[in-house]
Amino acid sequence: MEPLVSIIVPVYNCEKFLPACIESIAGQTCADFECILVNDGSSDGSGAVCDGIARRDPRFRPIHKPNGGVCSARNAGLDAARGKFVLFCDQDDRIHPETIATALSHHKSAPEDLIMWPYTRDPAEFRQPLPQGETLFRQQEFGTLYCTFMLPPVWNKLFEREVLESPSPLRFDTSIRNGHEDLPFVYEYLARLARLRPGFTVHFLRAPLYYWSDENDMSVSKKDVHYEQYFEVELPLFMRFDRDCKALYHCPPQDMAAFYQHAVHTLAYGLLFEKGAKGRALLARPEVAQLLDGLKESRTFSPYYLPFRWRSPALARFVIRAEQEERRSYWRAYWLLYYLLGGNWRR
């Protein structure tokens, strides 16, 4: 008999933290699952940990493969998955004992929709009784949903395998190995849902069902590579989301305003690592102009709007550094730039 849920855990050199992750999965109140542990060429004892739990608990299935990165590992798990639903968990994190049961319960009440939930980094909060309730986001509100910062991860969503496999298998881009791999996958899944079920909504639960641990110093989320590659990697992703919001989800400009603010702010960080002519060339890209047009259309202010319009990476770097260091000069620049735009944009 096939399991109801497949949980995919990519594993690489994490024997210290992996047992806690496995324990959280084994302790689910809903026992109808398989957990696929994809050992991605670990050189420590992680593979032995996977084999050990598989001997004790047949719900755990180890896959051993040469190292190919987290995308390759997740894809191997997707190829092997047998469940109707798919969950992801990172090797150094944990899921709440009620994660599967809670997600399935909400999906049963809304089988056409997407179920997702927040995470916590507070172990005390993770041990508290789960709060009840949810917030519904219509497709026209996806710009607002983006700014919850819960849209990008794959590990806080209940995926339907039927959607993942039709019309063709949806897999992670193995060329991405820098911590940005989740967004293209999530964006394509949302687009598939919109085409299959034009009226689908997102149910954002209040219960933090995922514990994001910051104990592993080797985690990709702790590396500066994120900022170094924002323009090369993030700008196309911003544009994909912007395009889908307009063409598929029909989001009004007012709902997209906060998304445009976030996108421009994020790209400003990227300019800290791009000096001279390259920084000016990046600001001259037509995609940047489209993001700025979105701010202008909704009359929503960002202190980076004029530096970007003027193609001045030096000014943008001055503002972002002043913001980071909480200097008074940030607010002087903020208000000067605001009034240069007429002082009547929404802040």
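Being a predicted model, the structure only gives us computed values, none of them experimental.

Peer 1: How would you explain the overall build of the protein if you had to name every residue and give the values?
Peer 2: Helix and strand content of the protein: 16 helices and 11 strands. Scaling as 2.2 N^0.38, a compact globule of 347 residues should have a C-alpha radius of gyration of about 20 Å, and the protein matches this with 22 Å. Once the C-alpha set of the protein is aligned to its principal axes, its extents read approximately 65 × 45 × 40 Å. At a minimum sequence separation of 6, the contacts of the protein that also span at least 24 residues come to 82%.

Peer 1: For the packing of aromatic side chains, give the residues involved together with the corresponding values.
Peer 2: If you walk through the whole model with that rule in mind, you get 31 aromatic pairs. Seen in terms of ring centroids, F88 and F185 are 6.0 Å apart; in terms of plane orientation they differ by 90°. Their pairing is edge-to-face. Taken together, the residues F88 in strand 4 (residues 85-88) and F185 in helix 8 (residues 182-196) connect sequence positions 97 residues apart. Residue F88 is classed as buried on the basis of its relative accessible area, which comes to 2%. The exposure class assigned to F185 is buried, which follows from its relative accessible area of 2%. The structure contains a cluster of three or more aromatic residues connected by ring pairs, namely F301, Y330, W331, Y334, W335, Y338 and Y339. We note R74 situated over the ring of F88; from NZ or CZ to the ring centre the distance is 5.8 Å. Taking NZ or CZ as reference, R121 lies 3.8 Å from the ring centre of W212, over its face.

Peer 1: So what about the packing of helix 11 (residues 253-270) against helix 13 (residues 286-298)? Which residues, and what values?
Peer 2: For the pair helix 11 and helix 13, interaxial distance at closest approach is 9 Å and the crossing angle is 140°. In terms of orientation, helix 11 and helix 13 fall into the oblique class. Crossing hand, helix 11 versus helix 13: left-handed. Every residue of helix 13 that contacts helix 11 at P253, A257, F259, Y260, Q261, A263, V264 and L267 is listed here: L291, L292, G294, L295, E297 and S298. Of the residues belonging to the contact of helix 11 with helix 13, the class tally is 10 nonpolar, three polar and one charged.

Peer 1: Tell me about helix 3 (residues 70-80), residues and numbers included.
Peer 2: Taken across its 11 residues, helix 3 has nine buried, putting it largely inside the fold. Taken residue by residue, helix 3 has C71, S72, A73, R74, N75, A76, G77, L78 and A80 as its buried positions. Where helix 3 is buried, its residues contact strand 1 (5-11), strand 2 (33-40), strand 3 (60-65), strand 4, helix 7 (161-165) and helix 8.

Peer 1: Break down the state of the cysteines for me, citing the residues and quoting the values.
Peer 2: Under the definition given, this model contains zero disulfides. Looking at the unpaired C30, the closest cysteine sulfur is the one in C35, lying at 14 Å. C71 takes part in no disulfide bond, and the closest cysteine sulfur, belonging to C89, lies 16 Å away.

Peer 1: Outline the side chain of N156, supporting the account with residue identities and numerical values.
Peer 2: Within the element layout of this structure, N156 appears in the loop between helix 6 (142-146) and strand 9 (157-160). Residue classification places N156 among the buried positions, given a relative accessible area of 0%. Of note is the side chain of N156, whose polar atom sits 2.7 Å from the side chain of K157. Other than its neighbours up to four places away in sequence, N156 contacts I115, M116, W117 and M150.

Peer 1: How would you explain the sheet that holds strand 10 (residues 202-205) if you had to name every residue and give the values?
Peer 2: One open sheet accounts for eight strands, arranged 3-2-1-4-9-6-10-8; its pairing is mixed. Single-partner strands in this sheet number two, and they are strand 3 and strand 8 (134-137). Across the sheet, the mean angle separating the axes of adjacent strands is 25° when strand polarity is ignored.

Peer 1: Lay out the nonpolar core with the relevant residues and their values.
Peer 2: I7, F88 and F308 are the most contacted members of the largest nonpolar core, which has 104 residues in total. Among residues more than four places away in sequence, those in contact with F88 are I8, R74, L78, V154, W155, F159, F172, F185 and Y210.

Peer 1: Which residues make up the pairing of strand 9, and what values do they have?
Peer 2: On strand 9, burial covers both faces: K157 and F159 on one face and L158 and E160 on the other are all buried. Two elements, strand 4 and strand 9, share two bridges in a ladder whose sense is antiparallel. Paired with F85 across the bridge in strand 9 is E160. As paired strands, strand 6 (residues 114-116) and strand 9 are joined by two bridges and run antiparallel to one another. When the bridges of strand 9 are listed, I115 appears paired with L158.

Peer 1: Please give an account of the pattern of salt bridges that cites residues and values.
Peer 2: Scanning the entire structure with this criterion turns up 21 salt bridges. One salt bridge connects R197 with E160, and the closest N-O pair in it is separated by 2.8 Å. Linking R197 in the loop between helix 8 and strand 10 with E160 in strand 9, this pair joins segments that are 37 residues apart in sequence. Classification of R197 by relative accessible area gives buried; the value is 13%.

Peer 1: Report on a nonpolar patch on the surface, specifying residues and quantitative values.
Peer 2: On the surface, W310, L336 and L340 cluster together to form a nonpolar patch covering roughly 350 Å² of accessible area. With respect to the helices and strands, W310 occurs in the loop between helix 14 (305-309) and helix 15 (313-324). W310 sits in the partly exposed class, given a relative accessible area of 49%.

About the thresholds
- Residues numbered from 1 in each chain as written.
- Predicted model: local features only at pLDDT ≥ 70, side-chain atom pairs only at ≥ 80, totals over all residues.
- Heavy atoms only, no water.
- Helix = DSSP H or I, 4+ residues; strand = E, 2+ residues; numbered from the N terminus.
- Rg over C-alpha atoms; globule rule 2.2 N^0.38 Å.
- Contact = heavy atoms within 4.5 Å.
- Phe/Tyr/Trp six-rings, centres within 6.5 Å; stacked < 30°, edge-to-face > 60°.
- Buried < 20%, exposed > 50% of the residue type's maximum accessible area, 1.4 Å probe, protein only.
- Lys NZ or Arg CZ within 6 Å of the ring centre and 35° of its normal.
- Axes fitted to C-alpha atoms, helices over the stretch in contact; angles between N-to-C directions.
- Parallel < 35°, antiparallel > 145°, perpendicular 65-115°, else oblique.
- Left-handed = near helix turned anticlockwise from the far one by under 90°.
- Nonpolar A, V, L, I, M, F, W, Y, C, P; charged D, E, K, R; others polar.
- Disulfide = S-S within 2.5 Å.
- Polar contact = N/O pair within 3.5 Å; in protein donor to acceptor, adjacent residues only side chain to side chain.
- Pairing = 2+ DSSP bridges.
- Core = buried A, V, L, I, M, F, W, Y, C linked by side-chain atoms within 4.5 Å.
- Salt bridge = Lys/Arg side-chain N within 4 Å of Asp/Glu carboxyl O.
- Patch = residues over 30% accessible without salt bridge, like charges linked within 9 Å, V, L, I, M, F, W, Y side chains within 5 Å.
- Areas by Shrake-Rupley, 256 points an atom, 1.4 Å probe, with all protein chains shown as cover.

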